[in-house]
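Single-letter residue listing:
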Amino acid sequence: ISLGSCTMKLNAASELLPLSRPEFTNIHPLAPEEQATGYRELVDNLSEMLKVITGLTGVSLQPNSGAAGEYAGLRVIRSYLESIRQGHRNKVLIPASAHGTNPASAVQAGFDTITCACDELGNVDMKDLKEKAESNRKELAALMITYPSTHGIFETEIKEICRIIHACGAQVYMDGANMNAQVGLTNPGTIGADVCHLNLHKTFASPHGGGGPGVGPICVAKHLTPFLPGHGIFGNQQNEVSAAPFGSAGILPITYGYIRMIGAEGLTQTAKIAVLNANYLAACLNETYGTVYRGENGFVGHEMILECRKITEETGITENDIAKRLMDYGYHAPTLSFPVHGTLMIEPTESESLAELDNFVNTMLHIWIEIQEVKNNEADKADNVLINAPHPEYEIVGDWSHAYSREKAAYPIDSVKENKFWINVARV
Ligand SMILES: Cc1ncc(COP(=O)(O)O)c(C=O)c1O
């Protein structure tokens, strides 16, 4: 499973170029410090940049993924609580809009989890949050909150949420995997979080890979810095989470190069465009599919959840059929049925051009027409382009007995005629 799979932004080749230099690639992760002074400078400079970006004081680049960052951050919180004689605090409050890795990491780190409800708009239900924080006041270790949330919105009450949790003597863990909607505009330090992780493979240009290598650094507020992961090589193994002292250090030059090349202004611009692109798609698809959640001001954040449940009710066509049909149009299916069943979650990111966004909108609207054909009985309910999708080349050139044409299956719009990506396998 690839890391950070919901943010598949495009990364420039220039960011990867340093990795072809032997000075970067030929070094062993456990090389003695005096043979790696250049790397150390890069690690220190990058850490300083991440402190500025997150508004926090300490950084560890050791975790190898976002989820590993969550685990490391929670261990840091536990160590801190133990140091102030609050080690008995063993519960972590997690809103339903959090990313799925949050509860998994909390359990892995030995905590019990409590789920906090969300309201109809997708925001944290403040009444439920207050009640659960209050009734678990003495045992509460932390809140883990994804911001902007997996519901694709910025919680307007985020500062109040942090205040409530702190008033209970607990810590706030902000899942910063969606940081590409924040950089330069706001940050975990500003909202009052104590710990956050970043997904360098989502926000800062390193590749997702097939399971890695990833980097999920944690950034922490001042009172937590003494508890950051150490490493045996430095004679202090506290909260160590990776065999190598700086985790996947070999790919740090990518993020370093990305930040240096794009600069502070460029980073802020990417955050604005990430949010703009998601809102552009949401606006273009509002009259047809519609989005499940919007923030209080009517906008989505970095991503949006496309409503498909009504379509299923009316036509039998599911979000799964739409995802598979997208492959016929050359698109990798977006996140499916997460975090809301019966929906598609789409995150265009800042890296897609307007032309590409328009092509995607055109594709989704064309699929909408195909859905209407099923609804209006113009297409056979049991044999249509959606439920049979995707259509690989071997099916198109083979015997054909479908109620629709080969052309409709394989070349539904002009852009596909010009640039067809053939899927290898049909639906199993
Ligand atoms: C909000 C959020 N948190 C955490 C993660 C987990 O990151 P990783 O896949 O690097 O473990 C993701 C991954 O996409 C995410 O979107």
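In this text the structure is predicted, and so the values were computed from the model without any measurement.

**Student:** Would you mind showing me how to read the sheet that holds strand 2 (residues 91-95) here?
**Tutor:** Sheet strands pair by backbone hydrogen bonding; their relative direction is either parallel or antiparallel. Strand order in the open sheet made by the seven strands is 1-7-6-5-4-2-3, with mixed pairing throughout. Strands with a single pairing partner mark the edges of an open sheet, and in this sheet they are strand 1 (58-60) and strand 3 (112-116). The mean inter-strand angle of the sheet, taken between neighbouring strand axes irrespective of direction, is 20°. In the sheet, strand 5 (residues 171-176) pairs with strand 6 (residues 195-198) via four bridges, with the strands oriented parallel. When the bridges of strand 6 are listed, Asp 175 appears paired with His 197. Contacting strand 2, strand 4 (140-146), strand 5, strand 6 and strand 7 (218-220), helix 4 (residues 66-83) crosses the sheet at an angle of about 170° to strand 5.

**Student:** Would you explain the domain arrangement of the chain in this entry?
**Tutor:** How big an interface is tends to be reported as the loss of accessible area on association of its parts. Structurally, the chain comprises domain 1 (13-261) and domain 2 (308-418). For domain 1 and domain 2, the distance between their C-alpha centres works out to 37 Å. The interface is formed by six residues belonging to domain 1 together with seven residues belonging to domain 2. Three residues stand out in domain 1 for area buried against domain 2, namely Thr 150, His 151 and Asn 180, and they jointly supply 64% of the buried area on that side. At the junction of domain 1 with domain 2, the criterion picks out zero salt bridges. Counting every contact that joins domain 1 to domain 2 gives one residue pair in polar contact (both at pLDDT 80 or more). Residue classes in the side of domain 1 that touches domain 2 are distributed as one nonpolar, five polar and no charged.

**Student:** I'm lost on the UniProt feature "domain: Glycine dehydrogenase C-terminal" (unreviewed entry) in the chain in this one. Help?
**Tutor:** Here the UniProt feature "domain: Glycine dehydrogenase C-terminal" (unreviewed entry) sits at residues 271-391. The span residues 271-391 shows a helical share of 44% and a strand share of 8%, and its end C-alpha atoms are spaced 36 Å apart.

**Student:** When you look at the pairing of strand 4 in this model, what are you seeing that I'm missing?
**Tutor:** Within a regular strand, the side chains alternate between the two sheet faces. Across the seven residues that make up strand 4, a large majority, seven, are buried. Of the strand pairs in this sheet, strand 4 and strand 5 are connected by five bridges, and their pairing is parallel. In the strand pairing of strand 5, Ile 145 is matched with Met 174. Where the polypeptide runs from strand 4 across helix 7 (residues 158-167) and back to strand 5, its parallel neighbour, the crossover connection is right-handed.

**Student:** What am I meant to see in the packing of aromatic side chains here?
**Tutor:** Within a pair of aromatic rings, the relevant descriptors are the distance that separates the centres and the angle that separates the planes. Counted by the stated rule, this structure contains nine aromatic pairs. Look at Tyr 80 and Phe 227: their rings are 6.2 Å apart centre to centre, the planes differ by 65°, and that puts the pair in the edge-to-face class. With Tyr 80 in helix 4 and Phe 227 in the loop between strand 7 and helix 10 (252-284), the pair connects residues that are 147 residues apart, well separated along the chain. Neither Tyr 80 nor Phe 227 differs from the other in exposure class; each is buried. The cationic tip of Arg 78 hangs over the ring face of Phe 111; the distance from NZ or CZ to the ring centre is 4.1 Å. Stacked on the ring of Trp 422, the Lys or Arg Lys 420 has its end atom at 4.7 Å from the ring centre.

**Student:** Looking at this model, I keep getting lost on the nonpolar core. Mind explaining?
**Tutor:** When a protein is soluble and globular, its nonpolar side chains tend to lie buried together. Formed by 51 residues in total, the largest nonpolar core has its most connected members in Leu 50, Leu 93, Leu 129, Phe 204, Leu 252 and Ile 259. Only helix 3 (37-54), strand 3, helix 6 (126-135), strand 4, helix 7, strand 5, strand 6 and helix 10 provide two or more residues apiece to this core. By residue number, the principal contributor to this core is helix 3, which donates seven residues. Filtering out sequence-adjacent residues up to four positions away, Leu 93 remains in contact with Ile 114, Cys 116, Leu 129, Lys 132, Ala 133, Leu 140, Ala 142, Leu 143, Met 144 and Ile 165.

**Student:** For this particular structure, what's the right way to read a nonpolar patch on the surface?
**Tutor:** A cluster of nonpolar residues, Leu 30, Ile 233 and Phe 234, forms a patch on the protein surface that exposes about 270 Å² of accessible area. For Phe 234, the location among the structural elements is in the loop between strand 7 and helix 10.

**Student:** Just to check I follow, could you spell out unusual backbone geometry for this structure?
**Tutor:** Comment: phi is negative for the bulk of residues other than glycine, and the bulk of peptide bonds are trans. Of the consecutive residues Tyr 147 and Pro 148, the connecting peptide bond is found in the cis state with omega at -10°. Along the chain, Phe 338 connects to Pro 339 via a cis peptide bond; the corresponding omega equals 5°. Within the fold, Pro 339 resides in the loop between strand 9 (335-336) and strand 10 (343-346). Of note, the phi angle at Ala 205 is positive, near 75°, even though the residue is not glycine. Secondary-structure assignment places Ala 205 in the loop between helix 9 (200-203) and strand 7. Of note, Thr 349 is a non-glycine position whose phi angle comes to about 65°, a positive value. Checked against the element boundaries, Thr 349 lands in the loop between strand 10 and helix 13 (354-375).

**Student:** Looking at this structure, I do not really get the sheet that holds strand 8 (residues 304-307). What am I missing?
**Tutor:** Read from one edge to the other, the open sheet built from three strands follows the order 8-10-9, with strand pairing classed as antiparallel. Each of the sheet's edge strands pairs with one partner strand only, and the pair in question is strand 8 and strand 9. Sheet analysis places strand 9 next to strand 10, joined by two bridges and oriented antiparallel. For Thr 335, the partnering residue across the bridge sits in strand 10 and is Met 345.

Parameters at a glance
Residues numbered from 1 in each chain as written. Predicted model: local features only at pLDDT ≥ 70, side-chain atom pairs only at ≥ 80, totals over all residues. Heavy atoms only, no water. Pairing = 2+ DSSP bridges. Helix = DSSP H or I, 4+ residues; strand = E, 2+ residues; numbered from the N terminus. Axes fitted to C-alpha atoms, helices over the stretch in contact; angles between N-to-C directions. Contact = heavy atoms within 4.5 Å. Domains from an automatic or database assignment. Buried area = accessible area lost by both parts, 1.4 Å probe. Salt bridge = Lys/Arg side-chain N within 4 Å of Asp/Glu carboxyl O. Polar contact = N/O pair within 3.5 Å; in protein donor to acceptor, adjacent residues only side chain to side chain. Nonpolar A, V, L, I, M, F, W, Y, C, P; charged D, E, K, R; others polar. UniProt positions renumbered as here; feature names shortened; annotations may be inferred. Buried < 20%, exposed > 50% of the residue type's maximum accessible area, 1.4 Å probe, protein only. Right-handed = clockwise from strand over helix to strand, strands pointing away. Phe/Tyr/Trp six-rings, centres within 6.5 Å; stacked < 30°, edge-to-face > 60°. Lys NZ or Arg CZ within 6 Å of the ring centre and 35° of its normal. Core = buried A, V, L, I, M, F, W, Y, C linked by side-chain atoms within 4.5 Å. Patch = residues over 30% accessible without salt bridge, like charges linked within 9 Å, V, L, I, M, F, W, Y side chains within 5 Å. Areas by Shrake-Rupley, 256 points an atom, 1.4 Å probe, with all protein chains shown as cover.

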